[in-house]
Amino acid sequence: MELSKINNQVYWTNLLNEHGHFHIAATSKGLCYVSSPNVSFTILAEWVNRTLPTHQLKQDDEMMMPYTTQIREYFQGSRTKFELYVDLYGTIFQKSVWGALSKISYGNIHSYSQIADLCGNPLAVRAVGAAIGANPLLIVIPCHRVIGKSGTLTGYRGGLEAKRGLLQLEGIQLSDKSIYSGMFQEIR
C-alpha cells in the first residue's frame, strides 16, 4: 500500500459530564483511547507519540460522535454494553487481559486472580495488574470492575474515587473497605 494512502490521523474530542472531563481518541479503525477523568490533554498526546509515533492528532468532534454518544449513554445509565469498533495497541498478553475484562458484564466484578485464571496463567496476577493499568480504553474495557481478591477496592488509573463512582453507577454498593464477595460474577 502506498504510504500516501495510509490514514495517519488520531481523531480526538472532549467529553464533559458530571463524572469529569475526558479526552477520547480514535483511529479510522476504531476507538483507541479514553483518558482518565480530569487529566491534561498532554497525557493523550504522550500516549499517541509513544504508541502511534507516525500519527498526528486532529480534533474532530463530528467523527467522534458515535463514541461520545455511547459513553454519554453509559454515564446516563441507559447503556450497559458498548457496541463500537476499537483499535487496541498492546502486547499479546495485554490484549488477552483486556479481552477477559471485556467479558465482565455490567454490574459485576472480578478479582485480579480470576482474570489471571481466564488468561490461562493463574500465577500472573501481578502481570495482569500491570496490563490492567495499561488499559487504554477506560470505561469501555471495564477495568473498573476488577477488585482485590479479598474484596478490597484497589488501583485504578483514574483514581479510586472514580472507580468507586463507576461501580456505584452500575449498582454495586460498596462498604468503606471491601465489596461483598457474593457480587463476583463467573465468566468464561
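The structure contained in this document is the topic of the report that follows. (Residues numbered from 1 in each chain as written. Predicted model: local features only at pLDDT ≥ 70, side-chain atom pairs only at ≥ 80, totals over all residues. Heavy atoms only, no water.)

1. Side note on the pairing of strand 3 (residues 31-34)
- Pairing analysis gives three bridges linking strand 2 (residues 20-26) to strand 3, with the strands arranged antiparallel. In the sheet register, Ala25 faces strand 3, and the bridge partner there is Tyr33.
- Taking the residues that link successive antiparallel strands as the turn, the strand 2-strand 3 hairpin has four residues, and the phi of Gly30 there is positive, at about 155°. (Pairing = 2+ DSSP bridges. Helix = DSSP H or I, 4+ residues; strand = E, 2+ residues; numbered from the N terminus.)

2. Here we look at the side chain of Lys163
- Within the secondary structure, Lys163 is located in helix 6 (residues 160-169).
- The charged side chain of Lys163 is buried without a salt bridge, its nearest counter-charge being Glu170 at 11 Å.
- With sequence-adjacent residues up to four places away left out, Lys163 is seen in contact with Tyr112, Cys143, His144, Val146, Ile147, Leu153, Thr154, Gly155 and Tyr156. (Buried < 20%, exposed > 50% of the residue type's maximum accessible area, 1.4 Å probe, protein only. Lys, Arg positive; Asp, Glu negative; His and termini not counted. Salt bridge = Lys/Arg side-chain N within 4 Å of Asp/Glu carboxyl O. Contact = heavy atoms within 4.5 Å.)

3. Brief notes about helix 2 (residues 65-76)
- A rise of 1.5 Å per residue sets the reference length of helix 2, with its 12 residues, at 16 Å; its end C-alpha atoms lie 16 Å apart and thus fit the reference within 8%.
- Among the residues of helix 2, Tyr67, Thr68, Gln70, Ile71, Tyr74 and Phe75 are the ones counted as buried. All buried residues of helix 2 project into a common sector of 165° when viewed along the axis, lining one side.
- If you follow the buried residues of helix 2, they end up packed against strand 1 (9-17), strand 2, strand 3 and helix 6. (Expected span 1.5 Å × (residues − 1). Arc of directions from axis to C-beta.)

4. A short note on the pattern of salt bridges
- In the structure shown here, the tally under the stated rule is three salt bridges.
- Note that Arg164 is salt-bridged to Glu161, the shortest N-O span being 3.7 Å. Placement of both Arg164 and Glu161 in helix 6 is noted, with a separation of three residues, approximately one turn of the helix.

5. Observations concerning the packing of aromatic side chains
- Tallied over the entire structure, the rule returns six aromatic pairs.
- Ring plane angle 70° and centroid distance 5.5 Å describe the contact between Tyr74 and Phe75, whose orientation is recorded as edge-to-face. The two residues Tyr74 and Phe75 agree in class, both being buried.
- Of the aromatic side chains, those joined through ring pairs into one cluster are Phe22, Tyr74, Phe75, Phe82 and Tyr106. (Phe/Tyr/Trp six-rings, centres within 6.5 Å; stacked < 30°, edge-to-face > 60°.)

6. Some thoughts on the nonpolar core
- Grouped together as the largest cluster of nonpolar side chains are 33 residues, with contacts concentrated most on Ile24, Val34, Leu101 and Ile139.
- Broken down by secondary-structure element, the contributors of at least two residues to this core are strand 1, strand 2, strand 3, helix 2, helix 3 (92-102), helix 4 (112-118) and helix 5 (125-133).
- Residues in contact with Ile139, not counting those within four places in the same chain, are Phe22, Tyr74, Phe75, Phe82, His144, Tyr156 and Leu166.
- By size, the runner-up hydrophobic cluster in this structure holds nine residues, among which are Val10, Trp12, Leu44 and Val48. (Core = buried A, V, L, I, M, F, W, Y, C linked by side-chain atoms within 4.5 Å.)

7. Some remarks on the sheet that holds strand 2
- Taken in spatial order, the four strands line up as 3-2-1-4 in an open sheet, and their pairing is mixed. The open sheet has two edge strands, strand 3 and strand 4 (56-59), and neither has a second partner. Taking each pair of neighbouring strands and ignoring which way they run, the sheet shows an average axis angle of 30°. (Axes fitted to C-alpha atoms, helices over the stretch in contact; angles between N-to-C directions.)

8. Considering the environment of Phe41
- Following the sequence through the fold, Phe41 ends up in helix 1 (residues 41-51).
- The class of Phe41 is partly exposed, set by a relative accessible area of 30%.
- Distance from Phe41 to Asn14, taken between C-alpha atoms, is 9.3 Å for residues 27 residues apart in sequence.
- Apart from residues lying up to four places away in sequence, Phe41 is in contact with Trp12, His23 and Leu57.

9. Overview of the packing of helix 3 against helix 5
- Relative to each other, helix 3 and helix 5 sit at 80°, their axes nearing to 9 Å. Accordingly, the angle class assigned to the pair helix 3 and helix 5 is roughly perpendicular. Contact residues: helix 3 offers Phe93, Gln94, Val97, Trp98 and Leu101, while helix 5 offers Ala127, Val128, Ala131 and Ile132.
- Classifying every residue of the contact of helix 3 with helix 5 gives eight nonpolar, one polar and no charged. (Parallel < 35°, antiparallel > 145°, perpendicular 65-115°, else oblique. Nonpolar A, V, L, I, M, F, W, Y, C, P; charged D, E, K, R; others polar.)

So, to be careful, I would describe these as geometric facts and stop short of saying anything about function.
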